[in-house]
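Below are the chains, spelled out letter by letter.
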Amino acid sequence: MRAYVLIQTEARGESLAERLRSIPGIVAAEDLTGAYDAIALAGAGSTRHLLDQVIAGILSLPGVTRALPAPVIRSLAERPTKASADRRPDSRDWAA
C-alpha cells in the first residue's frame, strides 16, 4: 500500500525532507509551506506496518508534532496526452 503523510513540525525553518528520506518505507519527501511543513510518500506492506513503523519513525524525528497518513485508494498511473487522445486507430495499429 502507498500513503501520503502530511507532517507538521515546530517552527524551526530547517529541511525535514532529508531526514524523512532516511526512514525505511519513505519513497519520497518534500518540504512545504502552508498548513503542513512536509509531505512524504510512504510504501508499506500493510496498514499496521504503515502506522507501527513508518508513522512511528516520522513521529520520532525531533520537532515533528503531527503525521497525518492519507492512504492511496486509487491512482491515475498515466494521463493520456492530447496527441494520443486525438489519434484514431487504423488498420496499421492492430496486430496481425
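Cut-offs and rules
Residues numbered from 1 in each chain as written. Predicted model: local features only at pLDDT ≥ 70, side-chain atom pairs only at ≥ 80, totals over all residues. Heavy atoms only, no water. Buried < 20%, exposed > 50% of the residue type's maximum accessible area, 1.4 Å probe, protein only. Helix = DSSP H or I, 4+ residues; strand = E, 2+ residues; numbered from the N terminus. Arc of directions from axis to C-beta. Pairing = 2+ DSSP bridges.

A. Quick peek at helix 2 (residues 47-59). Within the span of helix 2, buried status applies to L50, V54, I55, G57 and I58. Considered in projection along helix 2, the buried side chains sweep an arc of 145 degrees and stay on one side of the axis.

B. Structural view of the pairing of strand 3 (residues 38-43). Of the pairings in the sheet, the one linking strand 1 (residues 2-9) to strand 3 comprises 6 bridges and is antiparallel in character. Note on strand 3: the bridge partner recorded for I7 is A38. Pairing of strand 2 (residues 26-31) with strand 3, which is carried by 5 bridges, proceeds in the antiparallel orientation. From the neighbouring strand, E30 faces strand 3, where its bridge partner is I39.

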